[in-house]
Every structure is written in structure tokens, then in C-alpha cells.
Amino acid sequence: MQKGLNSKVTSGKLAITSVALQDHITRNLLLQNLSLCDPVKTRWCGRASSETHCKRNHGTVKQKGPQQHDGREEKEYVLDPAAPPLTLAQKLGLVQSPARKLTVDEWSQVKSRSIHEGDSKQPCVICREEFRLQTQVLLSCSHVFHRACLQAFERFSGRKCCPMCRKEQYETRVIHDGARLFKERCAIRIQACWRAYVVRKWYRHLRKTVPPKDKQLRQRFFETKLQELNDSFVQYCHTDVEAFLNDIDQSVSSSRRVFHQFEREHVSEPQEDDWQKIQEKVIQRDTRDCPICLTALCSPRLGTEAGRTLTQHHSNRRTVLLSCSHLFHQSCLEAFEAFCVEGRPKCPLCRSPYHKILV
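Each chain has its residues counted from 1, running along the sequence as written. At least 70 in pLDDT is required for a residue's local features to be given in this predicted model, at least 80 for side-chain atom pairs to be given and counted, and no such filter applies to totals for whole chains, interfaces and linings, which use all residues. As a rule here, side-chain values come from all non-hydrogen atoms in the structure, and water together with hydrogens is ignored.

**Regarding the overall build of the protein**
For the purposes of this entry, the term helix denotes a DSSP run of H or I that reaches at least four residues, the term strand denotes a run of E that reaches at least two, and both are numbered from the N terminus. In terms of regular secondary structure, the protein is built from 11 helices and seven strands. Any residue under 20% of the maximum accessible area for its type is buried, any over 50% is exposed, and the rest in between are partly exposed; the area is computed with a 1.4 Å probe on protein chains only. Every one of the 359 residues in the protein was classed for burial, and the buried ones make up 25%. In short, Shrake-Rupley with a 1.4 Å probe defines the accessible areas, and a residue's cover is counted only from the protein chains shown. If you sum the accessible surface of the protein, you get close to 26,000 Å²; carbon and sulfur atoms cover 55% of it.

**Concerning the confidence of the model for the protein**
Per-residue confidence from the prediction method is given by pLDDT, with values spanning 0 to 100. Here the protein averages 76 in pLDDT, while 69% of its residues score no lower than 70. Predicted confidence is poor over residues 35-71, with pLDDT under 50, and the contacts of this stretch with residues over four places away or in other chains come to 48 contacts. Any pair of residues with heavy atoms lying within 4.5 Å of one another is described as a contacting pair. Scored below 50 in pLDDT, residues 304-314 makes 12 contacts in the model with residues more than four places away or belonging to other chains.

**Section: the environment of Lys 356**
Mapped onto the elements of the fold, Lys 356 is located in strand β7 (residues 356-358). Put simply, Lys 356 and Glu 269 are 87 residues apart on the chain and 9.2 Å apart in space, counted from C-alpha to C-alpha. Among residues more than four places away in sequence, those in contact with Lys 356 are Trp 275, Val 320, Leu 321, Leu 322, Leu 333 and Glu 337. Distance and chemistry together define a polar contact, namely a pair of N or O atoms within 3.5 Å, with one atom able to donate a hydrogen and the other to accept it when in protein, and with adjacent residues in sequence counting only for side-chain atoms on both sides. Within the local environment of Lys 356, its side chain forms a polar contact with the side chain of Glu 337, the two groups lying 3.2 Å apart.

**Considerations on the packing of aromatic side chains**
Note on aromatic pairs: the rings of Phe, Tyr and Trp (six-membered ring only in Trp) are paired at centre separations within 6.5 Å, and the planes decide the class, stacked below 30 degrees, edge-to-face beyond 60, tilted for the rest. In the structure shown here, the tally under the stated rule is two aromatic pairs. On the basis of an interplanar angle of 35° and a centroid distance of 5.5 Å, the ring pair of Trp 194 and Tyr 197 is categorised as tilted. With Trp 194 and Tyr 197 both in helix α6 (residues 177-209) and three residues apart, the pair spans about one turn of that helix. Seen from their ring centres, Phe 221 and Phe 222 are 5.3 Å apart, and the 75° between their planes marks the pair as edge-to-face. By definition here, charges over rings are those cases where NZ of Lys or CZ of Arg is within 6 Å of the ring centre and within 35 degrees of the ring normal. Above the face of the Tyr 170 ring, Lys 160 is positioned so that its terminal group lies 5.2 Å from the ring centre.

**Section: a nonpolar patch on the surface**
Residues Val 199, Trp 202, Tyr 203, Leu 206 and Val 210 make up a contiguous nonpolar surface patch of about 490 Å² in total accessible area. Positionally, Trp 202 belongs in helix α6. When its relative accessible area of 53% is taken as the criterion, Trp 202 is described as exposed. Like charges are joined within 9 Å and nonpolar side chains (Val, Leu, Ile, Met, Phe, Trp, Tyr) within 5 Å, but only among residues with over 30% relative accessible area and no salt bridge; these make up the patches. One side-chain nitrogen of Lys or Arg within 4 Å of one carboxyl oxygen of Asp or Glu is enough to make a salt bridge.

Here's what the structure looks like:
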């Protein structure tokens, strides 16, 4: 009787074991067939299970492939799909159960170890390029790679193992430490460029406004300032240079005429004593020739020897004494006055207004 019961129990256990193993094998074959026949559906199922696993284990975490750059904080999420429920064979211990997924605290420890080692500051080990804004993944072994580089490595190697430590069956999690460091470096570089621009602008303004202390540099500074003023004056005129110079010449001529008129109105006629002093100056100078015709003068009133000698030969050419103490033939001076067109004529030698007398 007891043997019969034992045999029944043994046969029951064998039946349960066979059913459990058969169910386990069937599920594995079904998963393999799905992955071979409809990879798109399998990928969609894996993504949905991954999102469900993220919501269950890590709260409300939205899975997203490309990073968002709208100013909001980018969240991290696990890429691996959730583990399928245990089969009866795994529950009975007939088949080894899959490894347990990492919790939030365990992921925090893995990330702390990666930050301590400075993996995000170094370039990717596979492509040897910086992470910048590209998608970055953290493995459960605390190693960091580009997501695209890791996928390419798995595809070409044919197995899932870490390129650094060769650990198999790892978990992956998307992080943004490399992007954050890259943004900080870009912000620092932008701030440095802006500060340099402000300093250069301030220094240029300082050089344009404050004269230097060195003598040569100070001279060059004022020469540059004068040249800038001249250029701005010419640009402000908005006219032809030739016309501008002609206007200046006309203004100078008008001013000269005004001064000439003023001199004519304010030149007083010398008195008898003044004429005596002027004659003394002529005698001291010993003028003998007319500056216009370059012939001898005849002036008996001046008492010169040449005047007394030539008076007899040139009695028709009288001599004129000007208030500026210059002597001319009367006919030569009258011809000069007739030749002058503008206003009152001036002395042919000193160009000053004069009064005249016959000597």
C-alpha cells in the first residue's frame, strides 16, 4: 500500500516536472519564433515592456530616444526590457531564474562610481570622441559609452558583453552627464569670449579718448585726432572739393578787399615835419635809380649830387616821393597807377598805401 502511494507521488512529481519543463521550452521557442518572424512587433513589445518596467520600478519616467533641448531637465531611463514572468520550471528550481534587475538605489551607486572615475569627462572608449550632446548609456558595470557605439559593438561582436570589463548580461541606462558637461564648457567659453570682447572694446575706447604719457605716442595720438577731425569735416561738407576751395578763395578775396578799404580810410596824410623826416631817410638810403624804369632820378630838392647833375638833361621827368620813403619817376608811377585795377594802388616796392609829393 505504501509502495503504491510512493509510486503515485513519484509519478505525480515526474508529471509536474515534465509539464513545467515543457512549458518553459515552449515559451522560449515562442519568443524565439516571434523575434525571427516579426522583429518589429518584438521590438515594440520590448519597448512597451521597458516602459512598463520603468513606471513600476522608477516612478513616472517617460521613455524618450533623442534628448530634449527645450530648457527642461532631461530624465534618465533604463533601456533594457522588463524580465518576463517566471515559468513553472523556474519557480520549482528546475531551471535557473534570470538575474534580478537593479533598483534605483543600486543605479545611484553605479552612477556615483562612474562619476568618481570620471568616465563622462573622457571620450568614448569605442569611437574615441567626446560625448557632447549624443545619447550616452551607463552600464551596470559603471562604464559609459555612446549608445550608437555600444549597439554597433554588440552587432559586430555577436554577443552582449562590456567592451571594457567583458561583463556579460549587463543592464543599460541612458544618462546625460556628458551633455551637461559639454553645455557647461560651452557656457564657459561663451562667457570668456564675451568678457574678452567687452575688455577689448573698453581698451579701444580708452586709447581713443585718453592721450598716452609717452611723448612720441602722445604726438601720434593728437595727429590721429586731427586727421579724424579733418576727415569728418570734409565728409560733413557733402560737396565738391574744388567748389569748396573756390568758396574759400572768394571769402579770402572779400576779406582782403575789406581790409584794403579799411586801410585807405584810416591812412592819414603826413605833415610837413613828417615829409622832412621821410626826405632824410631817402638821403641816407642814397637812392639813385627809379625802381620801375631803372633809370637815374632827378631830384634837386633832395640835394643829391646825381640829382643836380641830371636835372639839366631830364627836366621833363620829375621825381615823386611817397610817404613810405620810396622815390619814383612821376610818369612811371602814373603808369603804374593806371595799370592797377582794384581800388587804390599801393607802393610797387612795399605794397603799402601812400601819399605822394613832387620833389
